[in-house]
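Okay, here's what each chain looks like letter by letter:
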Amino acid sequence: MLSREGLEKNQIPIYIIAIILGGIAGLIQPKAGRLLEPVVSVAIAVLLFSMFCQIPFLKLREALHNGRFIGALLLVNFILIPILVFLLIKIFPQPDPVLIGVCLVLLTPCIDYVIVFTQLGKGNEKLILASTPVLFVVQMLLLPLYLWLFIGTEASQIVRIGPFVEAFVYMILIPLVLALALQFSAKKSEPGSKALDFTAWLPVPFMALVLFLVIGSQIDRVINDFAVIISVIPVYVLFHFFAPLIARLAASVIQIEPSDGRALLFSAGTRNSLVVLPLALTLPGEMATIAAAVIVTQTMIELIAELIYIKAVPKLLYK
């Protein structure tokens, strides 16, 4: 008999199957794959809603007062990670369209599905949730500066706040409000309580759906530009190897709790690819296509990395 515990126990095989099926679907029907693209944000919103429903929000006040974690989060994401990115793009030089895509995606910490991966990896997802407004504001302020430092004046001028605000509203704020409303209803009525219990079944299947949709909608784009973007694969692989190690070192030096440290590792290794993709698509001509393919490539590598993180991170920071 299917149980919630059984789903959670077998989540990694389920996610791997979803990735494989998404790749097959995207390759067999590339045009149909593109139709899946608008559904990705909706699926992520539902996924986050189901996750938010499981979070005791009354404890978020404690998270907001965790200055040590917030300090570590800012240090890792906006000082140490940019240094890592700078070193990687110097070791592996890229043409400007590719470089813009790499910098856009690697310099922006994730503000949405990182919450889900953190929970799956036994990290403190409440801290990550409470930190999303901070990450959102700081990356919007610093991204133009980093693009200017790493690439030049023209690159810094492409940043638009619109896609970031829309992503925050549709993928964080609205699911959060709905989850709070359902939690409140669950305390007042039996139907509300049953609905809240049902949402606990949703994270694993909707994570699998998100993986399927992302791979299925983007794999054709990656293959079409593979000759151009193959040079960025070492950058992404090395990033996803070193980013959590840097965060692990910072967690040890700053001496934060193990579950908080796991959250820090996931934040360091998870990037804002689905949010910055619209920025890349606003670039002129062929530059937009190449930059978008570069960002999508990072997404696909990151999804594989996250499956490894889910198993590895609890062992890097244990109680």
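Quick look at the structure, then. (Residues numbered from 1 in each chain as written. Predicted model: local features only at pLDDT ≥ 70, side-chain atom pairs only at ≥ 80, totals over all residues. Heavy atoms only, no water.)

**A closer look at the overall build of the protein**
Along the backbone of the protein there are 17 helices and zero strands. Overall, the C-alpha framework of the protein stretches about 60 × 50 × 35 Å when taken along its three principal axes. In the protein, which comprises 319 residues, the proportion classed as buried is 55%. Expressed as a percentage of contacts within the protein between residues at least 6 apart in sequence, the contacts between residues at least 24 apart total 87%. In the form shown here, the protein has an accessible surface area of approximately 14,200 Å², with 69% of it arising from carbon and sulfur atoms. Counting 21 positive and 18 negative side-chain charges, the protein places the averaged centre of each group 8 Å from the other. (Helix = DSSP H or I, 4+ residues; strand = E, 2+ residues; numbered from the N terminus. Buried < 20%, exposed > 50% of the residue type's maximum accessible area, 1.4 Å probe, protein only. Contact = heavy atoms within 4.5 Å. Areas by Shrake-Rupley, 256 points an atom, 1.4 Å probe, with all protein chains shown as cover. Lys, Arg positive; Asp, Glu negative; His and termini not counted. Charge placed at Lys NZ, Arg CZ, Asp CG, Glu CD.)

**What about helix H15 (residues 258-269)?**
If you check H15, its first and last C-alpha atoms are 17 Å apart, about what twelve residues at 1.5 Å a residue would give, namely 16 Å. Burial analysis of H15 places eleven of its twelve residues in the buried class, which makes it a mostly covered element. Buried residues of H15: Ser259, Asp260, Gly261, Arg262, Ala263, Leu264, Leu265, Phe266, Ser267, Ala268 and Gly269, and no others. Where the residues of H15 are buried, they touch helix H5 (67-91), helix H7 (114-120), helix H8 (125-150), helix H14 (233-254) and helix H17 (285-316). (Expected span 1.5 Å × (residues − 1).)

**A word on the packing of aromatic side chains**
Applying the stated criterion across every chain, the model contains four aromatic pairs. Where Phe86 meets Phe150, the ring centres are 5.3 Å apart and the plane angle is 50 degrees; that geometry is what we call tilted. One end of the pair, Phe86, is in helix H5; the other, Phe150, is in helix H8, with 64 residues separating them in the sequence. Note on Phe150: relative accessible area 14%, which makes it buried. Here the aromatic rings of Tyr146 and Phe150 are separated by 6.1 Å at their centres, their planes lie at 40 degrees, and the arrangement is tilted. Linking Tyr146 with Phe150, this pair stays in helix H8, spanning four residues, or about one helical turn. Of the residues examined, Tyr146 reaches a relative accessible area of 11% and is grouped as buried. Through pairs of rings, three or more aromatic residues link up here, namely Phe86, Tyr146 and Phe150. (Phe/Tyr/Trp six-rings, centres within 6.5 Å; stacked < 30°, edge-to-face > 60°.)

**Here we look at the environment of Asp260**
By the secondary structure assignment, Asp260 is in helix H15. Residue class for Asp260 comes out buried when judged on its relative accessible area of 7%. Along the sequence, Asp260 and Ala45 sit 215 residues apart, while their C-alpha atoms lie 24 Å from each other. Sequence-distant contacts of Asp260, that is, excluding residues within four places in its chain, are made with Asn66, Phe69, Asn124 and Leu127.

**Here we look at H8**
Compared with an ideal rise of 1.5 Å per residue, which puts 26 residues at 38 Å, H8 spans 32 Å between its outermost C-alpha atoms and falls more than 12% short. At Ser131, H8 shows its largest kink, close to 45 degrees, and the proline Pro133 lies no more than four residues downstream. The N-cap residue of H8 is Asn124: its side-chain oxygen and the backbone nitrogen of Lys126 are 3.2 Å apart. One or two positions beyond H8, positive phi appears at Gly152, with a value near 145 degrees. (Bend = angle between axes of the 7 residues up to and from the residue. Polar contact = N/O pair within 3.5 Å; in protein donor to acceptor, adjacent residues only side chain to side chain.)

**A closer look at the nonpolar core**
Within the largest apolar cluster, 111 residues are counted, with the highest numbers of intra-cluster contacts made by Tyr15, Phe52, Phe69, Val102, Leu104 and Leu264. A total of 16 residues in this core trace back to one element, the largest contributor, which is H17. Contact partners of Leu264, with chain neighbours within four places excluded, come to Phe69, Ala72, Leu73, Val76, Ala247, Ala250, Ala251 and Ile256. (Core = buried A, V, L, I, M, F, W, Y, C linked by side-chain atoms within 4.5 Å.)

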